[in-house]
Amino acid sequence: MEAIFKSLSDPAFLFAVLVAVAVFATIFTVAMPILGGSGLESRMKSVAIERDNIKARERARLAADSDKRRKSASLKQQGEKPGVRALVERLNLKAALADEGTVNKLRNAGFRGQNPLVMFLFLRFVLPFVAFLGALIYVFGLGKLAEHSMMVKVFVCILVAYAGFYAPNLYISNRASKRKTGITRAWPDALDLMLICVESGMSVEAAFKKVSDEIGTASADLAEELVLTNAELSFLQERKQAFENLSNRTGLDSVKSVMQALSQAEKYGTPVATALRVLSAESRDMRLNEAEKKAAALPPKLTVPMILFFLPVLFVVILGPAGIGISQRGGIF
């Protein structure tokens, strides 16, 4: 024990440990960006699978047994668990817990297809019971909240079950909000790239493909949506439907206005470059206005932290020497 304490108190040993930690931190900092990656390849792989699904659905729609082929392809490609789907269909959870708004929220969060919807409904059904059981074990089994009455304990268990029921909704809303923020930041740059591609003579499909390749480093979510839109433009009967699907999946007004302009250009033959140039300028102005709003909102937000933390420290620094001098002299008089 004394040898260990002596080695720990040795300055040379402590210096060697600090040097080793510093070297490890430096190697870790340098190696993480190289080994970690942005996950863009996996996202593009999932988009390729979704593009194949779109192609399979459109081919199956033209056949007589489209429903059977689409269900079998979905179960085979997405790896959905039949037991979960059977439970959801047997209890008819889709009619009770989901509507068109739920499907749109899942799309805005980046979850496409039937498998995420089935899993969402299953979690909304199961989590309240799991949370209620966990609360019962915590409160009654472990003897927590013993000083409170039975009514309070039951109320806590019900509140935990209620939180478990709305936990999937909170997760989807949070994920959709983060996804919309990332797409909003990268959308003006994507419009500029699309404008350059269109003015250089590319078609809309080629422009979407090129922009998705270039914008992936800034926003992988936007790259996914552009690739899916490119696939839908190739497979769907109406190109307008592909543009509407993109606006519905993103849930952004700026994207919706651009898709409407592209639809009108496809319908009436108006120049696409002119509309893209105007909409790109508007998107940049909107992003600048949002930044100015956040900057203007900083002073009110900083008022309370300044009063609670900065001003007391400032008073101590200014009045501290005077107070020390007065105490050393024995008082003011």
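Participant: Explain the overall build of the chain here, please?
Facilitator: Counting its secondary structure elements, the chain contains 15 helices and zero strands. Across the 333 residues that make up the chain, the buried fraction comes to 28%. For the chain, long-range pairs separated by at least 24 residues make up 64% of all intrachain contacts whose partners lie at least 6 apart in sequence. A total accessible area of about 21900 Å² is found for the chain, and carbon and sulfur atoms account for 66% of it.

Participant: Honestly, the nonpolar core in this entry has me stumped. Any pointers?
Facilitator: Proteins that are soluble and globular tend to have nonpolar side chains buried together. Trp 187, Phe 208, Ile 215, Leu 222, Val 258, Met 259 and Leu 276 are the most contacted members of the largest nonpolar core, which has 31 residues in total. Put simply, the parts of the chain that give this core at least two residues each are helix 9 (150-199), helix 10 (204-215), helix 11 (220-235), helix 12 (239-250), helix 13 (253-268) and helix 14 (272-296). For this core, the element with the highest residue contribution is helix 9, accounting for nine residues. The contacts of Leu 276, once residues within four sequence positions are left out, are Leu 191, Met 194, Leu 195, Val 198, Val 258 and Leu 262. Ranked by size, the runner-up nonpolar core spans 14 residues in total, among them Ala 109, Leu 117, Val 118 and Ala 176.

Participant: Is there a simple way to explain helix 13 in this structure?
Facilitator: Residues three or four positions apart in an α-helix share a direction because the helix packs 3.6 residues into each turn. For helix 13, spanning 16 residues, the distance from its first C-alpha to its last is 22 Å, which sits close to the expected 22 Å at 1.5 Å a residue. What helix 13 keeps buried is the set Ser 254, Val 255, Val 258, Met 259, Ala 261, Leu 262, Ser 263 and Ala 265. Considering only its buried residues, helix 13 is in contact with helix 9, helix 10, helix 12 and helix 14. Where helix 13 terminates, the next one or two residues include Gly 269, which has phi positive at roughly 75 degrees.

Participant: Is there a simple way to think about the environment of Ala 223 in this case?
Facilitator: With respect to the helices, strands and loops of the structure, Ala 223 is situated in helix 11. Take Ala 223: its relative accessible area is 0%, and that puts it in the buried class. Separated by 14 residues in sequence, Ala 223 and Lys 209 place their C-alpha atoms 8.9 Å apart.

Participant: Could you clarify how one ought to interpret the pattern of salt bridges in this entry?
Facilitator: Pairing is possible between side chains of opposite charge, provided their charged atoms come close. Applying the stated criterion across every chain, the model contains eleven salt bridges. Residues Arg 179 and Glu 225 are paired through a salt bridge, measuring 2.2 Å at the closest nitrogen-oxygen approach. Of this pair, Arg 179 sits in helix 9 while Glu 225 sits in helix 11, and the two are 46 residues apart along the sequence. Overall, the relative accessible area of 4% leaves Arg 179 in the buried class. Notably, a salt bridge pairs Arg 239 with Glu 205, separated by 2.3 Å at the nearest N-O pair. With Arg 239 in helix 12 and Glu 205 in helix 10, this residue pair connects regions lying 34 residues apart in the sequence. Take Arg 239: its relative accessible area is 25%, and that puts it in the partly exposed class. Within the structure, one salt-bridge network assembled from shared partners comprises Arg 179, Asp 221, Glu 225, Glu 232 and Arg 249.

Participant: In this structure, what is going on with the confidence of the model for the chain? I would like to understand it.
Facilitator: Low-pLDDT portions of the prediction should not be read for the details of their coordinates. For the chain, mean pLDDT is 78; residues scoring 70 or higher make up 75% of the total. Per-element confidence in the chain ranges from a low mean pLDDT of 52 for helix 4 (residues 66-78) to a high of 88 for helix 9. With pLDDT under 50 throughout, residues 75-81 is counted as low confidence; its partners more than four residues away or in other chains account for 13 contacts.

Participant: Would you take a moment to explain the side chain of Ser 212 for this structure?
Facilitator: With respect to the element layout, Ser 212 can be found in helix 10. Owing to a relative accessible area of 3%, Ser 212 belongs among the buried residues under this scheme. At 2.6 Å, the side chain of Ser 212 forms a polar contact with the backbone oxygen of Lys 209. Among residues more than four places away in sequence, those in contact with Ser 212 are Ala 223, Leu 226 and Val 227.

Participant: Quick question: what am I supposed to make of the packing of helix 11 against helix 12 here?
Facilitator: Helix packing for two helices is described by the angle between their axes and how far apart those axes are. Relative to each other, helix 11 and helix 12 sit at 160 degrees, their axes nearing to 8 Å. It follows from the interaxial angle that helix 11 and helix 12 lie roughly antiparallel. By crossing handedness, the relation of helix 11 to helix 12 is classed as right-handed. Contact with helix 11, carried on its side by Glu 225, Leu 226, Leu 228, Thr 229, Glu 232 and Leu 233, involves Arg 239, Ala 242, Phe 243, Asn 245, Leu 246, Arg 249 and Thr 250 of helix 12 and no other residues of that element. Broken down by class, the residue content of the contact of helix 11 with helix 12 amounts to six nonpolar, three polar and four charged.

Participant: Which parts of the structure should I look at to understand the environment of Phe 111?
Facilitator: Structurally, the position occupied by Phe 111 is in the loop between helix 7 (100-108) and helix 8 (114-141). For the pair Phe 111 and Arg 249, spaced 138 residues apart in sequence, the C-alpha separation works out to 9.4 Å. Not counting chain neighbours up to four residues away, the residues in contact with Phe 111 comprise Leu 106, Pro 116, Tyr 171, Ile 172 and Arg 175.

Participant: Explain the packing of aromatic side chains to me, please; I cannot follow it from the model alone.
Facilitator: The way to describe two aromatic rings as a pair is by their centre distance and the angle between their planes. All chains considered together, the criterion is met by four aromatic pairs. Consider the rings of Phe 165 and Tyr 166, whose centres lie 5.1 Å apart with planes at 90 degrees: the pair is edge-to-face. Through a chain of ring-to-ring contacts, the aromatic side chains of Tyr 162, Phe 165 and Tyr 166 assemble into a single cluster. Lying over the aromatic face of Phe 165, Arg 124 brings its terminal NZ or CZ to 4.1 Å of the ring centre.

Cut-offs and rules
Residues numbered from 1 in each chain as written. Predicted model: local features only at pLDDT ≥ 70, side-chain atom pairs only at ≥ 80, totals over all residues. Heavy atoms only, no water. Helix = DSSP H or I, 4+ residues; strand = E, 2+ residues; numbered from the N terminus. Buried < 20%, exposed > 50% of the residue type's maximum accessible area, 1.4 Å probe, protein only. Contact = heavy atoms within 4.5 Å. Areas by Shrake-Rupley, 256 points an atom, 1.4 Å probe, with all protein chains shown as cover. Core = buried A, V, L, I, M, F, W, Y, C linked by side-chain atoms within 4.5 Å. Expected span 1.5 Å × (residues − 1). Salt bridge = Lys/Arg side-chain N within 4 Å of Asp/Glu carboxyl O. pLDDT = per-residue confidence, 0-100. Polar contact = N/O pair within 3.5 Å; in protein donor to acceptor, adjacent residues only side chain to side chain. Axes fitted to C-alpha atoms, helices over the stretch in contact; angles between N-to-C directions. Parallel < 35°, antiparallel > 145°, perpendicular 65-115°, else oblique. Left-handed = near helix turned anticlockwise from the far one by under 90°. Nonpolar A, V, L, I, M, F, W, Y, C, P; charged D, E, K, R; others polar. Phe/Tyr/Trp six-rings, centres within 6.5 Å; stacked < 30°, edge-to-face > 60°. Lys NZ or Arg CZ within 6 Å of the ring centre and 35° of its normal.

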